[in-house]
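# Breakdown of the fold
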Amino acid sequence: MSKAKLVGSMLSTNWRLNAKPCPRVEKEKADIRKVPYASVVGSLIYAMVYTKPDIEFVVGAVRYMSNPRREHYAVVKWILNYLKGTSRVCLRYGVGKPMLEGFTDSDMSGDVDSNRSTSRYVMIYAGGAVSWQPRLQKSVALSTTEAEYMAAVEADKELIWMRNFLSELGMKQREFLLHCDSQSVIHLVENAIYHSR
């Protein structure tokens with residue numbers, strides 16, 4: 001990877017990995033065993049947990065540890081190129097006002113294997129990310145509004161927990177924000193008539 005091309009953007013949207021066409025022929029399995037796939041993914045998980053929350057979603061996409069194929073390894077190399085290209089990017093704290101903000105998003109049926117959506121959120125305090133998580137939703141969403149709503153609920157639970165935690169530390173907040181990019185979810189939350197849906 002020392003001569004790898006630097007990449008400044010995360011995973012391309014046309015890469016949708018799944019478990020179904022994994023190698024079944026012994027020659028293909030032997031070919032993928034030559035590369036340190038599991039070791040590299042383990043290192044990416046370490047980096048994701050401690051310093052690089054921006055790679056959390058794509059690391060979840062390369063989770064096929066038992067029987068990966070060459071396309072999975074190509075994505076892992078893309079992530080390494082991205083890390084090399086953004087090695088000077090870091091988390092900074094204390095550059096913003098001490099206010100708790102949350103950002104949430106979801107994809108519709110992002111997991112090819114189960115058709116479940118992925119909920120994602122990040123909590124920002126004083127200009128730095130303090131909590132983040134992408135997670136497959138527990139059920140299959142029937143619409144993008146439902147997928148976004150489930151993501152917003154998970155983010156809201158984390159935001160309330162963070163607010164209570166900050167309150168215990170003596171940093172009470174009068175207001176906090178949860179940002180959501182779905183107008184239908186915003187209208188659903190603001191108008192109680194639609195909650196029976």
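So, a few notes on the structure that sits alongside this text.

Conventions we followed
- Residues numbered from 1 in each chain as written.
- Predicted model: local features only at pLDDT ≥ 70, side-chain atom pairs only at ≥ 80, totals over all residues.
- Heavy atoms only, no water.
- Phe/Tyr/Trp six-rings, centres within 6.5 Å; stacked < 30°, edge-to-face > 60°.
- Helix = DSSP H or I, 4+ residues; strand = E, 2+ residues; numbered from the N terminus.
- Buried < 20%, exposed > 50% of the residue type's maximum accessible area, 1.4 Å probe, protein only.
- Pairing = 2+ DSSP bridges.
- Axes fitted to C-alpha atoms, helices over the stretch in contact; angles between N-to-C directions.
- Left-handed = near helix turned anticlockwise from the far one by under 90°.
- Contact = heavy atoms within 4.5 Å.
- Nonpolar A, V, L, I, M, F, W, Y, C, P; charged D, E, K, R; others polar.
- Polar contact = N/O pair within 3.5 Å; in protein donor to acceptor, adjacent residues only side chain to side chain.
- Parallel < 35°, antiparallel > 145°, perpendicular 65-115°, else oblique.
- Salt bridge = Lys/Arg side-chain N within 4 Å of Asp/Glu carboxyl O.

Another aspect to go through is the packing of aromatic side chains. Under the defined criterion, the tally for this structure stands at two aromatic pairs. On the numbers, 6.5 Å between centres and 55 degrees between planes, the contact of Tyr 37 with Tyr 73 is tilted. One end of the pair, Tyr 37, is in helix α2 (residues 37–50); the other, Tyr 73, is in helix α4 (residues 70–85), with 36 residues separating them in the sequence. Both residues of the pair, Tyr 37 and Tyr 73, belong to the buried class.

Before going further, it helps to spend a moment on unusual backbone geometry. Positive phi is not limited to glycine here, since Ala 126 has a value of about 55 degrees. Note on placement: Ala 126 falls in the loop between β2 (118–125) and β3 (128–136). Take Ala 126: its relative accessible area is 13%, and that puts it in the buried class.

As paired strands, β2 and β3 are joined by eight bridges and run antiparallel to one another. Within β3, the residue paired with Ser 119 across the bridge is Arg 135. Hairpin connection between β2 and β3: a loop of two residues separates the two successive antiparallel strands, and Ala 126 in this loop has a positive phi of roughly 55 degrees.

Moving on: the packing of helix α5 (residues 144–168) against helix α6 (residues 183–190). The contact between α5 and α6 brings their axes to 9 Å, and the two run at 65 degrees. Seen along the crossing, α5 lies across α6 with a hand that is right-handed. Residue-level contacts link Thr 145, Glu 148, Tyr 149 and Ala 152 of α5 to Ser 184, Val 185, Leu 188 and Val 189 of α6. Here the residues of the contact of α5 with α6 sort into five nonpolar, two polar and one charged.

Moving on: the side chain of Thr 104. Its location among the elements puts Thr 104 in strand β1 (residues 100–106). Take Thr 104: its relative accessible area is 6%, and that puts it in the buried class. A polar atom in the side chain of Thr 104 sits 3.4 Å from the backbone oxygen of Ala 151. The residues contacting Thr 104, other than those within four sequence positions of it, are Arg 120, Tyr 121, Ala 151, Ala 152, Ala 155, Leu 178, His 179, Cys 180 and Asp 181.

Attention now moves to the packing of α2 against α4. Interhelical geometry of α2 versus α4 gives an angle of 40 degrees and a closest axis separation of 11 Å. Classified by the angle between their axes, α2 and α4 sit oblique to one another. Between α2 and α4 lies a crossing whose hand is left-handed. Seen from α2, the contacting residues are Tyr 37, Val 40, Val 41 and Leu 44; seen from α4, they are His 72, Tyr 73, Val 76, Ile 79, Leu 80 and Leu 83. In the contact of α2 with α4, the residues fall into nine nonpolar, one polar and no charged.

Attention shifts here to the pattern of salt bridges. This structure, assessed with the given rule, holds two salt bridges. With its nearest N and O atoms 3.9 Å apart, the salt bridge here joins Asp 105 to Arg 120. Here Asp 105, found in strand β1, pairs with Arg 120, found in strand β2; they are 15 residues apart in sequence, far enough to count as distant. You can call Asp 105 partly exposed: its relative accessible area is 26%. Measuring nitrogen to oxygen at the nearest pair gives 3.1 Å for the salt bridge that ties Lys 157 to Glu 154. Of this pair, Lys 157 and Glu 154 both sit in helix α5, three residues apart, roughly one helical turn.

Taking strand neighbours across the sheet as the criterion, the four strands line up as β3-β2-β1-β4 in an open arrangement whose pairing is mixed. What marks the edges here is a single partner per strand, and that holds for β3 and β4 (177–180). Pairs of neighbouring strands in the sheet enclose a mean axial angle of 15 degrees, with direction left out of account. The sheet contact formed by β1 and β2 spans seven bridges and is antiparallel. Of the residues in β2, the one forming a bridge with Leu 100 is Tyr 125. Running over the sheet, α5 touches β1, β2, β3 and β4 and is turned about 160 degrees from β1.

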